[in-house]
There are 2 protein chains.
Amino acid sequence: MHYKIVPIGYIKSKFKSRDEAPKQGFLTEEVSEIVIYDEFKRGLIGLDNYKYLIILYWMHKAKRDVLFSEIKNRGIFATRSPDRPNPIGFAIVKVLSIEKNIIRVKYLDAIDGTPVVDIKPLAEEELDMR
Amino acid sequence: MHYKIVPIGYIKSKFKSRDEAPKQGFLTEEVSEIVIYDEFKRGLIGLDNYKYLIILYWMHKAKRDVLFSEIKNRGIFATRSPDRPNPIGFAIVKVLSIEKNIIRVKYLDAIDGTPVVDIKPLAEEELDMR
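Here's what I pulled together on the structure shown here. Note that the structure is predicted; figures quoted are calculated from it, not measured.

## A closer look at the relation of the copies chain B and chain A
Two chain copies, one operation linking them: a rotation about an axis together with a shift along it. Overlaying chain B on chain A yields an RMSD of 0.0 Å, the required transformation being a rotation through 180° with an accompanying axial translation of 0.0 Å. Between the two chains, the operation in question is that of a two-fold axis. By C-alpha distance to the rotation axis, the residue of chain B lying nearest is B:Lys4, at 2.4 Å. Here 98% of the interface residues in chain B have copies in chain A that are interface residues too; the copies meet face to matching face.

## Digging into the interface of chain B and chain A
Quite often, the size of an interface is put as the accessible area lost when its parts meet. At the interface, 59 residues of chain B touch 58 residues of chain A. Together chain B and chain A conceal approximately 5700 Å² of surface at their shared face, both sides included; 64% is due to carbon and sulfur atoms. Where chain B packs against chain A, one counts two salt bridges. Between B:Asp118 and A:Arg84 there is a salt bridge, with the nearest N and O atoms lying 2.9 Å from each other. Here chain B and chain A share 24 residue pairs in polar contact (both at pLDDT 80 or more) between them. Among the elements of the structure, β1 (3–5), β4 (52–58), β6 (74–75), β7 (88–99) and β9 (115–121) of chain B are those that each provide at least two residues to the side of chain B that touches chain A. Considering each element in turn, the side of chain B that touches chain A owes the most residues, six residues, to β9(B). Among the residues making up the side of chain B that touches chain A, the classes are represented as 35 nonpolar, nine polar and 15 charged. Pairing of strand β1 (residues 3–5) of chain A with β1(B), which is carried by three bridges, proceeds in the antiparallel orientation. For A:Ile5, the partnering residue across the bridge sits in β1(B) and is B:Tyr3.

## A look at the pairing of strand β4 (residues 52–58) of chain A
Residue and element names in this part refer to chain A. Burial of β4 is extensive: seven of the seven residues sit out of reach of the surface. Along β4, one buried face is formed by Tyr52, Ile54, Leu56 and Trp58 and the opposite face, lined by Leu53, Ile55 and Tyr57, is buried too. Here β4 pairs with strand β7 (residues 88–99) via seven bridges, running antiparallel. Across the sheet, isoleucine 54 pairs through a bridge with isoleucine 92, a residue of β7. Examined bridge by bridge, β4 and strand β9 (residues 115–121) share five bridges and lie antiparallel to one another. Paired with leucine 53 across the two strands is proline 121, which belongs to β9.

Definitions and limits used
- Residues numbered from 1 in each chain as written.
- Chains lettered and ligands numbered in written order.
- Predicted model: local features only at pLDDT ≥ 70, side-chain atom pairs only at ≥ 80, totals over all residues.
- Heavy atoms only, no water.
- Least-squares fit on C-alpha atoms with pLDDT ≥ 70 in both.
- Contact = heavy atoms within 4.5 Å.
- Buried area = accessible area lost by both parts, 1.4 Å probe.
- Salt bridge = Lys/Arg side-chain N within 4 Å of Asp/Glu carboxyl O.
- Polar contact = N/O pair within 3.5 Å; in protein donor to acceptor, adjacent residues only side chain to side chain.
- Helix = DSSP H or I, 4+ residues; strand = E, 2+ residues; numbered from the N terminus.
- Nonpolar A, V, L, I, M, F, W, Y, C, P; charged D, E, K, R; others polar.
- Pairing = 2+ DSSP bridges.
- Buried < 20%, exposed > 50% of the residue type's maximum accessible area, 1.4 Å probe, protein only.

Keep in mind these numbers describe shape, not what the thing actually does.
This is the structure:
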């Protein structure tokens, strides 16, 4: 039993490998570009009304058969390791510009070439329940 | 070209249909349960150190061929509609209790029976870049 996900685009980043990437997006000031494939471009209309976006991406270099991190001595759902059954990465990014199908952002930790699977606007109240 | 995701568990909720569910998790005080399948249980070790979790789930009732919302007059990536190419839902939930393979949480908008695909601990600093 499984579901299929399709890339809607990919990430251009200065981070070329897992070793180079920060552990979390908010730990870097580097600018990345999210390139959306032409067939999904229509989905971006109105995105320029938002300052912060949720980006979901597919960590294509991850190992999927790991359930426990020996290094951290914790189950992988208690870590942010890319190695997990469904290696879907999550970042809240700040939008710098949107031009045609290219979104320039800050605070993205994904490596160069990472497939993007979803973009959602962030409701700022969403973070205020704490 | 696609990737395969596997459910790691499912959600038990009072919301039985899309019409009953709130538009966002933070709009409800209802308690939901996340049931993790036995084969993934080991991944939960250490999760009880976290107060807030990121839940990714598969919105199995969604339409995947929608790119533009006529009602909202925006592209679907500028909405939180379940109808999108990869219907992965995102919520930040508050943990109430974890017993064996069942996590009781608040602030989850998913409907009853929704497959869960990932759980990540929330780094609270992550939300502070705004």
